[in-house]
Amino acid sequence: MQDPNALRAILRTMAQKPEVQFDQLFQKLYTVELWLLAYQSIAPKPGNRTAGVDGKTIDGAGLKLITDLMADLKAARYTPHPVRRTYVPKANGKLRPLGIPTFQEKLLQTVVKFLLEAIYEPTFSEASHGFRPQRSCHTALEQIRNERYGVRWWVEGDIKGCFDAISHEWLLTHIPMEKAILKKWLKAGFMEKHVLYSTEAGTPQGGICSPVLANMTLDGLERALREVIRPTTRKGNKAKVHLIRYADDFLIAGSSKEVLEQEVKPVVEQ
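Chemist: What is the right way to read empty space enclosed by the protein from this model?
Modeler: Vacant regions in the atomic arrangement are exposed by a probe of water-molecule size rolled over the atoms. Evaluation of the coordinates by the stated rule reveals three cavities of 30 Å³ or more. Val 83, Trp 185, Ala 188, Pro 204 and Gln 205 are, among the 20 residues lining the largest cavity, the residues nearest its centre. At the level of secondary structure, the elements contributing two or more residues to the lining of the largest cavity comprise helix H4 (103-120) and helix H8 (179-186). Within the lining of the largest cavity, the residues separate by chemical class into eight nonpolar, eleven polar and one charged.

In structure tokens:
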């Protein structure tokens, strides 16, 4: 029996070593204790009383579901269900689409989320605050408060349709998990009014692991900015540029309007 928390701690330690490659991460999916931990983490959430396209909820789900899913994964016969699409009202009166996965997809994606977070959390930028353990809008506001000195200009933006627009090709190339499973998730589609629609881009709709996949994709924004920003302004002073990101919303603060307009903005627009 393997302690799932010890396993995640080992992965976090290994992630600090650049020479380590996680090409066998799929094998960790056979750690039944990790599945039980995933079950415990999502069981209390009220959303588990909402059925996916298979009409099932957490009721009646137990160890047999876990062992059956593990067997399907080992035999390469696992096939995810499409998510059930519904709509919820927004504050402005419009409707926001909401994807509801089946409970088995929630469970498997939670296991994968545990593994990916163990590897990537230690490497994520300190400027990233959305959908991360021990981080929130409050930590983002704290960073803004700490870095507001010496800057006079701000760029505010959001990445339109971020979760719906991430390249499947990029995800399949860079995410260290079994590519066949990831591809099935990405291509599972969604069901709306008994009609199946395909998905050609974006992370799994309504997926528990979608936020960490999005963070893995967007984490390079700050590095991209650092590569193009000149170290000095025309006056010879060091140009201050700070990024604060919460999921797909971001603020970029700068001491120089010139740097923000001529160097930062083109990188963000790309």
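Picking up after the structure, the text goes on.
Chemist: Explanation requested: the nonpolar core in the structure shown.
Modeler: Generally speaking, nonpolar side chains in soluble globular proteins are found buried as a group. Of all hydrophobic cores here, the largest spans 41 residues; its most connected members are Trp 35 and Trp 185. Listing elements by their share of this core, those giving two or more residues are helix H1 (4-15), helix H2 (32-42), helix H3 (63-74), H4, H8 and helix H9 (210-218). For this core, the element with the most residues is H4, which contributes ten residues. If you look at the next biggest cluster of nonpolar residues, it comprises eight residues, including Leu 243, Phe 250, Ile 252 and Val 259.

Chemist: What should I look at first to understand the environment of Phe 250 in this one?
Modeler: By the element assignment, Phe 250 lies in strand S7 (residues 249-254). Along the chain, Phe 250 and Gly 157 lie 93 residues apart, while their C-alpha atoms are 5.5 Å from each other. Beyond its immediate chain neighbours, meaning those up to four positions away, Phe 250 contacts Val 155, Glu 156, Gly 157, Asp 158, Ile 159, Leu 243, Ile 244, Arg 245 and Val 268.

Chemist: In this structure, what is going on with the packing of H3 against H4? I would like to understand it.
Modeler: For any two helices packed against each other, one specifies the crossing angle of their axes together with the interaxial distance. In contact at an axis separation of 11 Å, H3 and H4 are set at 70° when each is read in the N-to-C sense. The angle between H3 and H4 falls in the class roughly perpendicular. On H4, the residues touching Leu 65, Ile 66, Leu 69 and Leu 73 of H3 are Phe 103, Gln 104, Leu 107 and Leu 108. Here the contact of H3 with H4 is composed, by residue class, of seven nonpolar, one polar and no charged.

Chemist: Hey, could you run me through the pairing of S7 in this one?
Modeler: Consecutive side chains along a regular strand alternate between the two faces of the sheet. Sheet topology note: the strand S3 (residues 153-158)/S7 ladder contains six bridges and is antiparallel. Across the sheet, the residue bridging to Trp 154 is Ala 253, located in S7. Here strand S6 (residues 241-246) pairs with S7 via six bridges, running antiparallel. Residue His 242 lies in a different strand from S7, and its bridge partner there is Ala 253.

Chemist: Please explain the sheet that holds strand S4 (residues 190-192) as it appears in this structure.
Modeler: Two modes of strand pairing occur in sheets, parallel and antiparallel, and in both the strands are linked by backbone hydrogen bonds. Spatially, S2-S1-S4-S5 is the arrangement adopted by the four strands of the open sheet, whose pairing is mixed. With one partner strand each, in any of the chains shown, strand S2 (95-100) and strand S5 (195-197) form the two edges of the open sheet. Across the sheet, the mean angle from the axis of one strand to that of its neighbour is 40°, orientation sign disregarded. Of the strand pairs in this sheet, strand S1 (residues 83-89) and S4 are connected by two bridges, and their pairing is parallel. Opposite Arg 84, over in S4, you have Met 191 as the bridge partner.

Chemist: For this particular structure, what's the right way to read the layout of surface pockets?
Modeler: What the largest pocket holds in volume is close to 1,200 Å³. Along its surface, the largest pocket is lined by 40 residues, and Arg 96, Leu 98, Gly 206, Gly 207 and Pro 211 are the ones closest to its centre. Elements with a minimum of two residues in the lining of the largest pocket: H2, S2, H4, helix H6 (162-165) and H9. Considering each element in turn, the lining of the largest pocket owes the most residues, six residues, to S2. Split into classes, the residues belonging to the lining of the largest pocket amount to 17 nonpolar, 13 polar and ten charged.

Chemist: What should I look at first to understand the packing of H2 against H3 in this one?
Modeler: Viewed as axis vectors pointing N to C, H2 and H3 meet at an angle of 130°, and their least axial separation amounts to 11 Å. As far as their axial angle goes, H3 and H2 are oblique. Once H2 is placed against H3, the crossing between them reads as right-handed. Every residue of H3 that contacts H2 at Val 32, Trp 35 and Leu 36 is listed here: Leu 63, Ile 66, Leu 69, Met 70 and Leu 73. Each residue belonging to the contact of H2 with H3 can be placed in one class, and the counts come to eight nonpolar, no polar and no charged.

Chemist: Could you clarify how one ought to interpret the side chain of Glu 105 in this entry?
Modeler: Residue position: Glu 105 is located in helix H4. At 2.3 Å, the side chain of Glu 105 and the side chain of Thr 102 are in polar contact. Among all residues touching Glu 105, those that are not within four sequence positions of it are Tyr 78, Pro 80, His 81 and Trp 185.

Chemist: I tried to follow H8 on my own but got confused; where do I start?
Modeler: Given 3.6 residues per turn, any residue in an α-helix points the same way as the ones three and four places further on. If you check which residues of H8 are buried, you get Ile 181, Leu 182, Trp 185 and Leu 186. Along the long axis of H8, the arc covered by the buried residues comes to 135°, so they all point the same way. Looking at the buried positions of H8, the neighbouring elements they touch are H3, H4, helix H7 (168-174) and H9.

Conventions adopted
Residue indices follow the written sequence of each chain, beginning from 1 at its first position. Side-chain atom pairs in this predicted model are given and counted only at pLDDT of 80 or more, local residue features only at pLDDT of at least 70, and totals for whole chains, interfaces and linings cover all residues. Note that the side-chain values use all heavy atoms of the structure and ignore hydrogens as well as water. Definitions used for this entry: grid spacing 1 Å over protein atoms alone; cavity, a set of points where a 1.4 Å probe fits but cannot get out; pocket, an open set with protein on both sides within 12 Å along at least 5 of 7 lines; lining residue, one with an atom within 4 Å of a point. Grid points are joined across faces, edges and corners, and a volume is the space filled by probe spheres set on the points. Helix and strand definitions follow DSSP, with helices as H or I runs of at least four residues and strands as E runs of at least two, each counted in order from the N terminus. We call Asp, Glu, Lys and Arg charged. Ala, Val, Leu, Ile, Met, Phe, Trp, Tyr, Cys and Pro are nonpolar, and the rest, Gly among them, are polar. Nonpolar cores are built from buried Ala, Val, Leu, Ile, Met, Phe, Trp, Tyr and Cys residues. Side-chain atoms within 4.5 Å join them into one set. Each residue is assigned to one of three classes by its accessible area relative to the maximum for its type, calculated with a 1.4 Å probe on protein chains only: buried under 20%, partly exposed between the two thresholds, exposed over 50%. Contact definition: two residues touch when any of their heavy atoms are within 4.5 Å. Only the stretch in contact is used when a helix axis is fitted, and all axes are lines through C-alpha atoms; the angle between N-to-C directions ranges over 0 to 180 degrees. An angle counts as roughly parallel when it lies under 35 degrees, as roughly antiparallel when it exceeds 145, as roughly perpendicular when it falls between 65 and 115, and as oblique in every other case. Note on pairing: DSSP must find at least two bridges between two strands before they are called paired. Note: crossing handedness is left-handed where the near helix turns anticlockwise from the far helix by less than a right angle, and right-handed where it turns clockwise. Counted as a polar contact is a pair of N or O atoms within 3.5 Å, where, for protein atoms, one must be capable of donating a hydrogen and the other of accepting one, and residues adjacent in sequence contribute only when both atoms are in side chains. This arc describes the spread of directions from the helix axis toward the C-beta atoms.

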